[in-house]
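# Fold and contact review
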Amino acid sequence: MTSRIPRDSRLRLVRPRPLAAAPSAVNQRRPRRPAPRPPEGTPAPAELARMARSGLADAARVAHWADGALGPGRDGTGSDGKGTLSDETAGRAAEELGLTAAQVRAAWDTARLAGLIEVHGDSARPGWRLRAWNRDDSAVLRGWVALFDAWSLASPEPTEREPAAVAEVVSAMPQVLSFLQLSAGPVPVEQLLDLLEQRVTELRTERCEIPYGPQPEPAEEPETADAPLAPLLDWALRALASVGALTYGDGQATLTPLGSWAVWVKLEQICVAAQSPAGNIEVAAEEMLRGCAQLRPNAARAEYRAWLAARPVGSAVTELLGAARGDDALLRGLAFEALRVVGAPAEPDVRSVADEPTLRPYALLWLAEHDGIDPEDAHEVLTREEATWLWVDTAAAVADHGEAPMLVRHLESALQPTVPRLLDEVRAVGHPRTVQVLVALAAAHPDPALAKAVRRAAFQVHTGG
């Protein structure tokens, strides 16, 4: 577009660029941290994926069966709101797959935890990982890691134990797993129990819990401590063994190659965040996103993963959506990039905000990609008004954080074929930053005629015309 072209000239049509493109043009080049290498002896990703497929074979079979036999997955679950298979469906699957009903139920539960099946109220549907199961090793490994993260749900927790004690053991197990990973071999259960007791004591101290009443003599403390935690450690190790993270027997535990790799990945994520200049692992979501705005996309995703690894998924998603509701459009886009790293666990929360006008276009794009639509085509799920609103919001992020040429280039990503059409529809969507965006665009654009038209539109929006 040049100054000799009339102001109503057609814009070059290109696919709308996601907001994530905005920070990439603002980014400053920083030295890249060399990609970390897993410990010596760790199988290659393809071999790890083969192991994961083998361990999840029954879960994948049941999920594929449900996909074909139940259509989208409806009418096969009970009414408990948890996506539990009905007796009739479990029996039918067992007969057709050559499994017992108990095996079908166990495989179904595993498929849900691994993201092969997604539950929505009383219905369930195939997850995106199931679509990519046979061709995408990274999807398989992410599914297995999701199962690994949910190990405490894989086996029923001891009903005779206090829920608080179970929660303490679940919180302490990452340190136990780290010790197993560093040991790189069998570790006696007695040694793991000692470590577990130390970590639980630290957790109680951090909460400043002071025991009341008569306390046992120091000589009696080991026996008293062993009694409540030994059964819980046994439950934890058996649950981790059931998901394929370790082997457990003969008084010792050993991480499997998959388990060792998963623990290493999580340790590496935490180390990356701890070494970052912004210290993103410890800060709130908004500050973390601001720190990631200056990073290149791959480095930013590594930061998201590290930040997410250090906190419960539920609270992390809540924090990210809270940051997305703020006034900074750049943080809104980055928050949904971080939610893409979260994946399936964020789906219910993202779906719940799809009716909020500020978040709706981002949520619809996230859900479309989550459902398997190619990111290049995901924008087609938006209405014309939603796409225009997103264009203005993205432009606001560029105006706040980018440079003038970048805002001019953003004009090319508009859906509208001509500038007048674009201005008409931008005025109609009612974005709160419309005036500021148009003023910034007019100041940045080198075409005087076009800049004049944009300034006139900004004035009309400002005066209500």
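Structural data are supplied above this passage.
Residues numbered from 1 in each chain as written. Predicted model: local features only at pLDDT ≥ 70, side-chain atom pairs only at ≥ 80, totals over all residues. Heavy atoms only, no water.

Pairing is antiparallel across the open sheet formed by 3 strands, whose spatial order is β3-β5-β4. In this open sheet, the two edge strands, each paired with only one partner strand, are β3 (187–188) and β4 (246–249). Strand contacts of helix α9 (residues 163–183): β3, β4 and β5 (252–255), with the helix running at about 75° to β5, the strand carrying the most contacts. (Pairing = 2+ DSSP bridges. Helix = DSSP H or I, 4+ residues; strand = E, 2+ residues; numbered from the N terminus. Contact = heavy atoms within 4.5 Å. Axes fitted to C-alpha atoms, helices over the stretch in contact; angles between N-to-C directions.)

Moving on to the pairing of β5. Burial of the side chains of β5 is restricted to one face: A253 and L255 are buried, whereas none of Q252 and T254 on the reverse face is. Relative to β5, β4 is paired through 4 bridges, and the arrangement is antiparallel. Following the sheet pairing, L246 is matched in β5 by L255. (Buried < 20%, exposed > 50% of the residue type's maximum accessible area, 1.4 Å probe, protein only.)

In this section: the nonpolar core. Judged by nonpolar contacts, the single largest core of 68 residues is most densely connected at L116, W144, M173 and L196. Every residue in contact with L196, bar those within four places of it in the chain, is listed here: V169, A172, M173, V176, L229 and L233. Within the second largest apolar cluster, 66 residues are counted, among which are W307, L308, F336 and V350. (Core = buried A, V, L, I, M, F, W, Y, C linked by side-chain atoms within 4.5 Å.)

Right, let's get into the packing of aromatic side chains. Applying the stated criterion across every chain yields a total of 3 aromatic pairs. Here the aromatic rings of W144 and F148 are separated by 5.6 Å at their centres, their planes lie at 10°, and the arrangement is stacked. Remark: F148 and W144 occur in helix α7 (residues 137–149); sequence separation between them is 4 residues, near one turn of the helix. With relative accessibility at 4%, the residue F148 sits in the buried group. (Phe/Tyr/Trp six-rings, centres within 6.5 Å; stacked < 30°, edge-to-face > 60°.)

Before going further, it helps to examine helix α22 (residues 434–444). Buried within α22 we find T434, V437, L438, L441, A442 and A444. Each buried residue of α22 sits inside an arc of 165° when the element is viewed along its axis, so together they form one side. (Arc of directions from axis to C-beta.)

Time to look at the side chain of R129. As for its position among the elements, R129 is in helix α6 (residues 128–131). Under the relative-accessibility criterion, R129 is labelled buried at 7%. Residues within four places of R129 in sequence aside, it is in contact with A114, G115, L116, A139, R142, G143 and A146.

Take helix α4 (residues 87–97) next. Listing the buried residues of α4 in full gives T89, A90, A93, A94 and L97. Summarising the axial view, the buried residues of α4 lie within an arc of 135°, below the 170-degree limit, and thus occupy one face. What points out from α4, more than 90 degrees from its buried face, is the exposed set D87, E88 and E95. Packing partners of the buried residues in α4 comprise α3 (57–69) and α5 (101–113).

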